[in-house]
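Architecture at a glance
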Amino acid sequence: MFISSAFAQTAPAAAAEGAGLMGSLTSMLPLVLMFVVLYFVMIRPQMKRQKEHRAMIEAIAKGDEVATAGGIIGKVTQLSEGFLHIEVAAGVVVQIQRSAVVQALPKGTVK
């Protein structure tokens, strides 16, 4: 039930001998594995989505139909460097930032 004093005194000495280079590597292994998993599960897919979104925004042309982050759907009537002019109804044109475009819609979606 009780640990004898001889075992209690030798335990720290034995642990100190095993804590060399190999002991420090095995203690850091879970941390390294956690960062690798984090990269492949979260960071890499997010970077891929950002790249696809940037390509989609750069490919927008006059006459394309788009949906914005605010839920506005319309047809692009005018382009500039950072802004788009979207016609949401007959004669109603809204100016939005390019980054607010979430999706390019198929032709014929907006009537």
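Residues numbered from 1 in each chain as written. Predicted model: local features only at pLDDT ≥ 70, side-chain atom pairs only at ≥ 80, totals over all residues. Heavy atoms only, no water.

The protein carries the name Sec translocon accessory complex subunit YajC in an unreviewed UniProt entry, which gives Paracidovorax wautersii as its organism. In UniProt, the protein has this text filed under Subcellular location (unreviewed entry): "Cell membrane". (UniProt positions renumbered as here; feature names shortened; annotations may be inferred.)

Broken down by element type, the protein carries two helices and five strands. Listed by position from the N terminus, the elements making up the protein come as α-α-β-β-β-β-β. Across the 111 residues that make up the protein, the buried fraction comes to 14%. Long-range pairs, those at least 24 residues apart, make up 39% of the contacts in the protein with a sequence separation of at least 6. (Helix = DSSP H or I, 4+ residues; strand = E, 2+ residues; numbered from the N terminus. Buried < 20%, exposed > 50% of the residue type's maximum accessible area, 1.4 Å probe, protein only. Contact = heavy atoms within 4.5 Å.)

Let us now look at the nonpolar core. Met 56, Ile 57, Ile 60, Val 66, Val 76, Leu 84, Ile 86, Ile 96 and Val 101 form the largest nonpolar core, which has nine residues in total. If you list the elements that add at least two residues to this core, you get helix H2 (21-58) and strand S3 (83-89). Here Val 76 is in contact with Ile 60, Ala 61, Lys 62, Gly 63, Asp 64, Val 66, Leu 84, His 85 and Ile 86, once residues within four sequence places are set aside. (Core = buried A, V, L, I, M, F, W, Y, C linked by side-chain atoms within 4.5 Å.)

Right, let's get into the pattern of salt bridges. A side chain of one charge can pair with a side chain of the opposite charge if their charged atoms are brought near each other. Applying the stated criterion to the full structure yields one salt bridge. Lys 107 serves as the salt-bridge partner of Asp 64, at 3.2 Å between the closest nitrogen and oxygen. Note that Asp 64 is positioned in the loop between H2 and strand S1 (65-68) and Lys 107 in the segment after strand S5 (101-105), a separation of 43 residues in sequence. (Salt bridge = Lys/Arg side-chain N within 4 Å of Asp/Glu carboxyl O.)

The next subject is the sheet that holds strand S4 (residues 92-97). Strand order in the open sheet formed by five strands is S4-S3-S2-S1-S5, with antiparallel pairing between adjacent strands. Among the strands making up the open sheet, the edge pair consists of S4 and S5. Each strand of the sheet is rotated relative to its neighbour by a mean of 45°, with strand direction disregarded. With six bridges joining them, S3 and S4 adopt antiparallel strand pairing. (Pairing = 2+ DSSP bridges. Axes fitted to C-alpha atoms, helices over the stretch in contact; angles between N-to-C directions.)

Our next topic: the UniProt feature "transmembrane region" (unreviewed entry) in the protein. Per the UniProt entry, the sites bearing "transmembrane region" (unreviewed entry) are residues 25-43 in this numbering. Helix and strand shares over residues 25-43 are 100% and 0% respectively, and the end C-alpha atoms of the span are 25 Å apart.

A separate point is the packing of aromatic side chains. Throughout the structure, instances matching the rule amount to one aromatic pair. Taking the centre distance of 5.2 Å and the plane angle of 80° together, the rings of Tyr 39 and Phe 40 count as edge-to-face. (Phe/Tyr/Trp six-rings, centres within 6.5 Å; stacked < 30°, edge-to-face > 60°.)

When S1 meets strand S2 (residues 73-79), the two strands line up antiparallel, connected through three bridges. Paired with Glu 65 across the strands is Lys 75, a residue of S2. Hairpin geometry of S1 and S2 is characterised by an intervening segment of four residues between the two adjacent antiparallel strands and by a positive phi of about 95° at Gly 71. In this structure, S2 lies alongside S3, joined through four bridges in antiparallel fashion. Its bridge partner lying in S3, Val 76 is registered against Ile 86.

Another point: the environment of Glu 81. By the secondary structure assignment, Glu 81 is in the loop between S2 and S3. For Glu 81, a relative accessible area of 77% translates into the label exposed.

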